[in-house]
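Listed below are the residues making up each chain.
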Amino acid sequence: MIDDRHRELINASIDGQLSEQEREYLGQYLAANPEAKVLHDQLTELSRALSVVSHTDPPPQLRESILRTVRIKHGEQERRSPIFRWTATFGTRNRFAFAYVFSAGIILGVALSAVIWNLERETRFDDRDLTGTLATPPTRNGYIHVERKDFAEGIVQGSLEIRRAGNSILADLVVNSAEEVEVITQYNENEMRLTGFRHVQEGISDIAVSEGRVQFKNKGDNQYLLFLNDREPVGGMLHLRIYSATGLLVEYRTNVISGK
Amino acid sequence: MVERPDEEIIEECLRGNLGAFEELVQKYEKVMYNTALRMVRDPEDAADITQNAFLKVFERLGRYDRQHKFFSWLYRIVVNESLNFLKARKVTIPHDETIPSTTLQPDAKFHQTETTQVVEEALLDLPVEQRIVLILRHFHNLSYREISNVVEVSEKKVKSRLFAGRQGLRKLLTQRGLFQI
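Rules and cut-offs
- Residues numbered from 1 in each chain as written.
- Chains lettered and ligands numbered in written order.
- Predicted model: local features only at pLDDT ≥ 70, side-chain atom pairs only at ≥ 80, totals over all residues.
- Heavy atoms only, no water.
- Contact = heavy atoms within 4.5 Å.
- Buried area = accessible area lost by both parts, 1.4 Å probe.
- Salt bridge = Lys/Arg side-chain N within 4 Å of Asp/Glu carboxyl O.
- Helix = DSSP H or I, 4+ residues; strand = E, 2+ residues; numbered from the N terminus.
- Expected span 1.5 Å × (residues − 1).
- Buried < 20%, exposed > 50% of the residue type's maximum accessible area, 1.4 Å probe, protein only.
- Pairing = 2+ DSSP bridges.

1. Some thoughts on the interface of chain B and chain A
- Of the residues lining the interface, 48 residues belong to chain B; the matching set on chain A comes to 47 residues.
- A combined buried area of about 4600 Å² lies between chain B and chain A, and 61% of that area is made up of carbon and sulfur atoms.
- Taken as a group, Gln51(B), Phe163(B) and Arg166(B) account for 14% of the area that chain B buries against chain A, more than any other trio of residues on that side.
- A salt bridge links Asp45(B) to Arg253(A); its shortest N-O distance comes to 2.7 Å.

2. Examining helix H6 (residues 128-139) of chain B
All names here are of chain B.
- Compared with the 16 Å implied by 1.5 Å per residue over twelve residues, the 16 Å span of H6 between its first and last C-alpha is a close match.
- Among the twelve residues in H6, ten count as buried, and that is most of the element.
- The set of residues buried in H6 consists of Gln 130, Arg 131, Ile 132, Val 133, Leu 134, Ile 135, Leu 136, Arg 137, His 138 and Phe 139.
- Directly beyond the C-terminal end of H6, a positive phi value near 60° is found at Asn 141.

3. Topic: the pairing of strand S4 (residues 192-199) of chain A
Residues and elements named next belong to chain A.
- The buried count for S4 comes to six of eight residues, which makes it a mostly enclosed element.
- By the bridge criterion, seven bridges tie S4 to strand S6 (residues 213-230) in an arrangement that is antiparallel. In the strand pairing of S6, Leu 194 is matched with Leu 228.

4. A few points about unusual backbone geometry
Residue and element names in this part refer to chain B.
- Located in the positive-phi region is Arg 41, a residue other than glycine, with phi close to 75°.
- One can find Arg 41 in the loop between helix H2 (18-40) and helix H3 (43-60).
- Overall, the relative accessible area of 21% leaves Arg 41 in the partly exposed class.

Next up, the structure:
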């Protein structure tokens, strides 16, 4: 039986964290305790195996993709407010120096919000929670092409085109299958929300819209339009999968902002 | 080329210099990506996680507490992003069913590749909290204190997770034929 103290010493020895004195003591302890010696040897062997594992190079396009997203974010922050750079230093300076400015800002903000809220209430219809046929029908007008992916696998062929207008995203999906296939589109609810789903032709079934997911069965040649809005100003991932009775046929992931 | 200290680069980022942020990406992209990769295994998912993590770094740089080391803060962000990813997808990560033969080929490179693959697969079968500490200790060489800062638990907890993780991993690698019983 190895007690906690010696177990800790053995671990520290594996991590090279022992003092000269502790190392000497552990050596004596291991010589007198075969069970502890076995544990020590096993952990040393494991440590050696782990040291063989080397770092992998990231995909070559990753850095550019990160920087592109950051540039978009940076541009939005700059546009949003000229005091952004100033506020970005909060937390690195004396916070009390900002107390008066904050108080004034809060009072001004509350007053302005009340005015704007009253104006907005009279003029705007809030359709944020509506999806499907109940929603105010979104249209494809004004969307700019971002990227397109064509696919042809087994019994299914078609395309997924991403278009964008401001913070609205349109996923235009065409699916042509001789037999019934199951189509699943997924997105992160924290990144985007669904504002509308339309199918241009008839002939689909089992439509299920749930959190972060639109799922349906397709047979024949059909077109589907998914309207999404960014929750975060930089969009997020959209994940498309198409299954036949025998298994996964198509899988495609895209970052709707970077077009990756 | 001599790398500039993080503090200096961060100052420039906060003044709105995107070129400075590019320097941070260049400096830490590989470690961030590899941390995510060991957590989720899939290279595409790891790339997405890395991208999201850097975006969070950009957004929150003004709130970074300089009492802590910058790289610990980065690790914390990428580890949290990986955990959120695993939670959101409730991922059961697929890996090859083939268990490698106990007789490994003598070629050193092949041996290294095979060992890496077996270790990576076995790691995924460990509880996630043990997996994190093993990754940070063995692949990124973080000290107990640094790991404790990243995962926000006591050093004592880090040590006990490391021990349990090592025991568990050794068992898994023995089952996969990498070690003799």
